[in-house]
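Here's the letter readout for the chains.
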Amino acid sequence: MPRAGGVERPSRPATQAMVSLATDIVRTADGVPLKVTLRRVDRARKLKAVALVVPLFLFILLSFAIPIGVMLFRAVDNPEIAGALPNTVAELARWNGDELPDEATYAALAGELQAAHKSKTLGLIGKRLNYELPGVRSKIMAIGRAVTKIEAGPYKDAVIGIDPMLGERRLWTVIKSAGEPYTIFYLLSALDFERTQDGDIVNVSADRAIFRDVFLRTMGISMTVTLATLVLGFPVAYLLASLPARTSNLLMILVLLPFWTSLLVRTTAWVVLLQTEGVVNDALMLLGFVDERLQLIFSRFGTIVAMTHIQLPFTLLPIYSVMKTISPTHVRAARSLGAGPFVAFWRIYFPQTVPGIAAGCLLTFILSLGYYITPALVGGPTDQMVSSFVAIYTNMELNWGMASALGAILLAATLVLYLLYNRLIGIDKLKLG
Amino acid sequence: MKAIPALTGLLMAGTAAMALTVAMPATAQEALTIVSWGGAYQDSQREAYYKPFAKETGVVITEEEYDGELAKVKAMVDTNSVTWDVIDVDTNHAMSGCDEGILEPIDYAKVGQPREKFVQGAALDCAVGTIVYSTIYAYDADKLKDGPTTIADLFDTAKFPGKRGLLKKPFGNLEWALIADGVADAEVYNLLRTPEGVDRAFAKLDTIKKDVVWWEAGAQPPQLLADGEVVMTSAWNGRIFKAIKEEGKNFKIVWDRQQPDFDFWVIPKGAPKMDLSYKFIAYASDPKVMANQSKYISYGPTVVDAIPHIEPATLEHLPTNPENLKTALPIDAQYWADNNDELLKRFNAWLAQ
C-alpha cells in the first residue's frame, strides 16, 4: 500500500479528467481518497495493538475478574434449599409466617424429604439449615429416615409427630429464608451479625463472635508489619542509594537474595530459628540474657518478625528506586544555603522520597492482608488472619458461601482503605522508580 | 489487517496442541490416582499396596497427599472433573461425604469381602475400612523420667508443666476433656449430646488452652516431640511407633483412653475409572495383603481374616491389642457425623478468642 505521504500527481492522460473533476480531494496513486486510506491504515494499527493486548486481557479476565466475580456472587448465592426442596419453598411463598404452614406445605416437605433420603442429598439440606439453626443437621437426618415410613396423608400431624421441632415456626422461617435465591446470611455472619426469628439483625452471642476481631487483627498485623518494614527499610534504602555503585550492588544482592527465596522456605527458616529449642533461644541462654527459654514461635511476635522479613524488599525497593532519582545537588544546595544536616534531610530530601514510601507501604500493606501460610506456621491460634478462616471454611467446613463472604468483606475493606489512602496521599503521587 | 487471522490461527493451533497433550495419557497405560495422608502412613500404603498392586496388574499408580480436605473432592464432583480415583478418608468424612452425595455408594460384591467380614463399623455405605488406627498421646521418656499415665495427666499442668500438642479439631479432644474432668466413659457421649456437656468440655480445655500447641498434619506430633517443642502430644499411634522403631526415639505411648477409629477407602462420585478403583480396593482388602501393612506401621486390619496373618510381636503394638484396649474410648462416629460442623465452628471461634 502506498504510504500516506506518497501522493503523486497522476501522469497518465486517462485519469487526468477525474482528477480535474475533484481537485479538492487528495487521492493516492490507485485513486482511493487519502482520507480513506489513512483511516484504513489507522484501523489496521489499532487492531494490531488490540491483538497484542488480547492475550493479557483474556488472562486477566479468566484468572482475575471472573474468579472475583464468582466469589462475590457466591457470597450471596443461596441454591441449596431452593434446589433440594423446590415444592416446599413454593408452598412457603404463600405462608404468612404467623402460624404453622398448612397441610399442603407439610405434604410437600414430607415428599421431598423422602426423595432426598433416597437420593442421598439429605446431608446437603441438613448442612445448609444447620448454618442458621445449629444442631438441626442431625435432626434432619433422623427426620429423613423416619419420614420414609409415612406412606399417605394427612402429613401435618404425622410429620410433627416425628420431631416437635417441625411444629415450631422457627424451623419454617429458616427454611423459607434459606429457600430464597439470594441471601445476606453469609455476609451478616462474616460480620458477627445474625437475624432473629422476626427478621431483626442483632449481634451474635459472645462465644461465637470472632470475625470482627479477626478483621481488626488482620488490619493491625498488616499495619505493624508495614511500619516495621518502613523503619527498617528506609535507612537501608538510603544507604544503598548513596553508596558508590560497586558497594551498593553487593549490598543489593544481600537484599535481593532472600527476595528470590521461596516464601515457604523463609517461613520454615524462621520456625527453625524461633522454636523453643531453636537457635535464637540457644544464643540468648548461652549469653545469659534470659534464664528461661522464651516463647518466640507460635506467637504474635514470631508472626510479625517473619512477615516483616518477607515483606522488607517490597517496601525497600520502591523507596530505593525513588531515592536513586533524587539529585544529590538538592541537599548540597540546601546545606550551602545554611540548612543544618537534619533540616536539609527533612525539608529537602525526605519529601522527595514520599512517593516511594507511599508505593512501598501500600504494596506491603495490601500483600500482608492476605497472608496465610506464615501466620499458620509461626503464629499461634490467636494470630490467624482472615485468610486462615477462608481456608477453614473452604477446605474443612465446605461452607463456600461463608468463605466467599469473608473474602468479599476483606476486598471491600481493602478498597475502602485504598480510597482513603488516595484521598490522603493521592494515588497519582505513587512512584515505583 | 492480517494480524487477526494470524492470531486466530495461532490460538487454534495452541488449543489443538493443548487438547493433544491432554488426550495423550488416556491412550497410554492404565493409571490410578490414589490420595492419602502422606508421611509414615502413606509410606506403609506404598509398600503394602501400591507397589505390589502395580507389579501384579501393570497399573501405574500416581500418589497424592492431602490433609483431609474434602473440599477438593467436592469441587471435583461439583464441576464434573474428578481426577482422584481412590481416597483415604477418616470416619467423619466417610459418613458426611456419603450423606452429601460426594461419594460413590460401595457395591460390596466388587470388594471381594462381604460386609460381615469387616470389623463392626468398618464397612460403611460409601466407604470400605482399611485400617484401625488410634489417637493416643505420647511423651519423650528421655525428657520425662516419671512420665504421665492417664488422660488426667495430660490436662494436669501442675504435675507435668510444659506445652502439650493436640489435634486442631474438636474431634477426640472434647471426649478426653470430659474424662479428665471426671466423667465416666459410658457417660461421655450422652453428656456431649447436651449443650452443658459441650460447655463443660470446652471449660476443661480452657484450663490448658495457653499450654497447647495445635497440630494439623499427622507428621507434626513426632516432630514437635523430637524438637522439644512440647512435653507430650496427642498423635496417631502409627506415627509415634514409626519414630520409635525407625528413628530410635525413646517415645512412650500412653494407651489410657486411646480412641480407636478407622480410615476408609472411598471413590468420589463420578470417578471415571470405577472398575479399576474397585480392583484396587478389592486387592487392598484381601486378608493376606492387608496383613502386610502392619509390617510398616502399627495400624490394625479391618478385615477379621487378616489377623491370623500378622506376627504376634507386631500385634502387641496395634490399637486392637487387648492390653491396649483395656480402657479404650471408641469414637462415636454418628455423633461426629451429626455434630462436627457446629463443633468445628465453635472450636475455631474458641481458638481465635
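Calculation rules
Residues numbered from 1 in each chain as written. Chains lettered and ligands numbered in written order. Predicted model: local features only at pLDDT ≥ 70, side-chain atom pairs only at ≥ 80, totals over all residues. Helix = DSSP H or I, 4+ residues; strand = E, 2+ residues; numbered from the N terminus. Buried ≥ 20, exposed ≤ 12 C-beta atoms within 10 Å, placed from the backbone. Domains from an automatic or database assignment. Contact = placed C-beta atoms within 7 Å. Nonpolar A, V, L, I, M, F, W, Y, C, P; charged D, E, K, R; others polar. Core = buried A, V, L, I, M, F, W, Y, C linked by C-beta atoms within 7 Å. Pairing = 2+ DSSP bridges.

A.B. asks: Looking at this model, I keep getting lost on the overall build of chain B. Mind explaining?
C.D. replies: The secondary structure content of chain B amounts to 16 helices and eight strands. The principal-axis extents of the C-alpha atoms in chain B amount to approximately 80 × 55 × 40 Å. Taking all 353 residues of chain B together, the buried fraction comes to 47%.

A.B. asks: Looking at this model, I keep getting lost on the domain arrangement of chain A. Mind explaining?
C.D. replies: The extent of an interface is frequently quoted as the accessible surface area lost upon association of the parts. Domains assigned within chain A are domain 1 (13–66), domain 2 (80–179) and domain 3 (211–429). In this structure, domain 2 of chain A and domain 3 of chain A have C-alpha centres spaced 52 Å apart.

A.B. asks: What exactly am I supposed to notice about the domain arrangement of chain B here?
C.D. replies: All names here are of chain B. Split into domains, chain B comes out as domain 1 (23–132 + 262–320) and domain 2 (133–261 + 325–352). A straight line from the C-alpha centre of domain 1 to that of domain 2 covers 26 Å. Facing 21 residues of domain 1, the contacting portion of domain 2 comprises 21 residues. Mapped onto the side of domain 1 that touches domain 2, the elements with two or more residues apiece are α2 (39–57), α4 (91–99), β4 (128–140) and β8 (251–266). If you tally residues by element for the side of domain 1 that touches domain 2, the top one is α4, at four residues. Residues of the side of domain 1 that touches domain 2, tallied by class, amount to ten nonpolar, nine polar and two charged.

A.B. asks: So what exactly am I meant to see when it comes to unusual backbone geometry here?
C.D. replies: What you tend to see is this: most non-glycine residues have negative phi, and most peptide bonds are trans. Of note, the phi angle at A:Asp192 is positive, near 65 degrees, even though the residue is not glycine. Considering the arrangement of structural elements, one finds A:Asp192 in the loop between α10 (185–189) and β1 (193–195). A:Asp192 sits in the partly exposed class, given 19 other C-beta atoms within 10 Å. Not every positive phi belongs to a glycine, and B:Asn80 is a case in point at roughly 60 degrees. The topology assignment puts B:Asn80 in the loop between α3 (70–78) and β3 (86–90).

A.B. asks: Whenever I open this one, the interface of chain A and chain B confuses me. Can you help?
C.D. replies: Contacts between the two partners involve 34 residues from chain A and, on the opposite side, 29 residues from chain B. With five residues, the top contributor of residues to the side of chain A that touches chain B is helix α6 (residues 122–132) of chain A. Classifying every residue of the side of chain A that touches chain B gives 14 nonpolar, eleven polar and nine charged.

A.B. asks: What am I meant to see in the nonpolar core here?
C.D. replies: Inside soluble globular proteins, nonpolar side chains tend to come together where they are buried. One finds A:Leu406, B:Ala94, B:Ala127, B:Ala138, B:Phe264 and B:Val266 to be the most contacted residues of the largest nonpolar core, which totals 148 residues. Here the element with the most residues in this core is helix α15 (residues 300–325) of chain A; it accounts for 13 residues. With 28 residues, the next largest nonpolar core counts A:Ala84, A:Ala116, A:Ile162 and A:Ala178 among its residues.

A.B. asks: Would you explain the pairing of strand β2 (residues 60–65) of chain B in this entry?
C.D. replies: Each regular strand carries side chains that alternate between the two faces of the sheet. Alignment of strand β1 (residues 31–36) of chain B against β2(B), held across six bridges, turns out to be parallel. By the bridge assignment, B:Leu32 is partnered in β2(B) with B:Ile61.

A.B. asks: Explain the pairing of strand β5 (residues 164–167) of chain B here, please?
C.D. replies: Residue and element names in this part refer to chain B. Note: β5 against strand β6 (residues 212–215), four bridges, orientation parallel. Directly across from Leu167, in β6, lies its bridge partner Trp215. Pairing between β5 and strand β7 (residues 232–236): two bridges, direction parallel. In the sheet register, Gly165 faces β7, and the bridge partner there is Thr233.

A.B. asks: Looking at this model, I keep getting lost on the environment of B:Val59. Mind explaining?
C.D. replies: Residue and element names in this part refer to chain B. Counting through the fold element by element, Val59 comes out in the loop between α2 and β2. Residue Val59 is classed as partly exposed on the basis of its 18 C-beta neighbours within 10 Å. As a C-alpha pair, Val59 and Ile267 span 208 residues in sequence and 17 Å in three-dimensional space. Residues contacting Val59, with those up to four places away along its chain left out, are Glu30, Ala31, Leu32, Phe53, Ala54 and Leu276.

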